[in-house]
Amino acid sequence: MKSILFLSILVLPLICTAETQSQPKEVHQDNYMEKRIHQGDMSVDANFNAEYTTELGLTLRADLSYQYFFADKLSAGVVYKQTYNDNSHQLAIGPKFTYYFYESDRWAFYASQDLVQNKLKYESSGLRERTYLSASTSFGADYFLTPNVAIGGQLYLTHKFNRDSSYSDPQLDQRNEQALDAGALLGFKIFF
């Protein structure tokens, strides 16, 4: 929780300066909005997920990322992920790449890929910890409220690497032992 607060304090000035430093792009007569997904633009985004299961209780996830568009519709940056539930806390960080493959009116559709190092801490006869590598592929859509602000959602599929097949802990959540994980995230993006 302290990490999310700390990151929010770091991201808030970027969000505030995004509106003051960026020149608004124009809206054309045919209602087509020029989005800020071109070379030299940057984005900060936050995506969230909450789910409840009888085994784990409430699980919360937050993904924060910063990306730079080094070509039109193509960006690279860093992603930071946190996941909490009653038994575990997981942190992840790594590079992220996004390609906007289609846009119309106020919509933009994209595919993204990240590769992150995960650190999982969990309770099982005392506090335990393990690390592993994972890769996530996402497909999403952004609806642009203004040329600089979008809301949207994404579907993701995550594959976990570096798993020790001999590793077994009956107290550990079964989902953390699965090689594949899928889900959906909702969030917002600020472009500048």
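These numbers come from a predicted model, not from an experiment.

What counts and what doesn't
- Residues numbered from 1 in each chain as written.
- Predicted model: local features only at pLDDT ≥ 70, side-chain atom pairs only at ≥ 80, totals over all residues.
- Heavy atoms only, no water.
- Helix = DSSP H or I, 4+ residues; strand = E, 2+ residues; numbered from the N terminus.
- Contact = heavy atoms within 4.5 Å.
- Phe/Tyr/Trp six-rings, centres within 6.5 Å; stacked < 30°, edge-to-face > 60°.
- Lys NZ or Arg CZ within 6 Å of the ring centre and 35° of its normal.
- Pairing = 2+ DSSP bridges.
- Axes fitted to C-alpha atoms, helices over the stretch in contact; angles between N-to-C directions.
- 1 Å grid on protein atoms, 1.4 Å probe; cavity = no way out; pocket = protein on both sides within 12 Å on 5 of 7 lines; lining within 4 Å.
- Points joined across faces, edges and corners; volume = space filled by probe spheres on them.
- Nonpolar A, V, L, I, M, F, W, Y, C, P; charged D, E, K, R; others polar.

### Topic: the environment of S112
Inference 1: Locating S112 in the fold gives a position in strand β5 (residues 107–123).
Inference 2: Dropping the residues within four chain positions of it, S112 is found in contact with K96, F97, T98, S136, T137 and S138.

### Focus on the packing of aromatic side chains
Inference 1: What the rule picks out here adds up to seven aromatic pairs.
Inference 2: One aromatic cluster in this structure is built from F69, Y100, Y110, F144 and F191.
Inference 3: Above the plane of the ring of F144 lies K35, whose end atom (NZ or CZ) is 5.9 Å from the centre.
Inference 4: Across from the ring centre of Y110, 3.9 Å away, lies the NZ or CZ of K189, which sits over that ring.

### As for the environment of Q39
Inference 1: One can find Q39 in the loop between α1 (2–21) and β1 (42–53).
Inference 2: Along the backbone, Q39 and Y68 are 29 residues apart, and their C-alpha atoms lie at a distance of 8.2 Å.

### What to know about the sheet that holds strand β2 (residues 57–71)
Inference 1: What the eight strands build is a closed barrel, ordered β1-β2-β3-β4-β5-β6-β7-β8; its pairing is antiparallel. Between one strand axis and the next, the sheet turns through 25° on average, direction left out of account.

### Considerations on empty space enclosed by the protein
Inference 1: Here the structure, examined in full by the defined rule, presents three cavities of 30 Å³ or more.
Inference 2: The volume enclosed by the second largest cavity comes to roughly 70 Å³.
Inference 3: Along the walls of the second largest cavity sit 13 residues, with D63, K81, D114, S138 and Q154 positioned nearest its centre.
Inference 4: Going through the elements one at a time, β2, β3 (74–84), β5, β6 (127–146) and β7 (149–160) are the ones with two or more residues in the lining of the second largest cavity.
Inference 5: Along the lines of polarity and charge, the residues of the lining of the second largest cavity split into three nonpolar, five polar and five charged.

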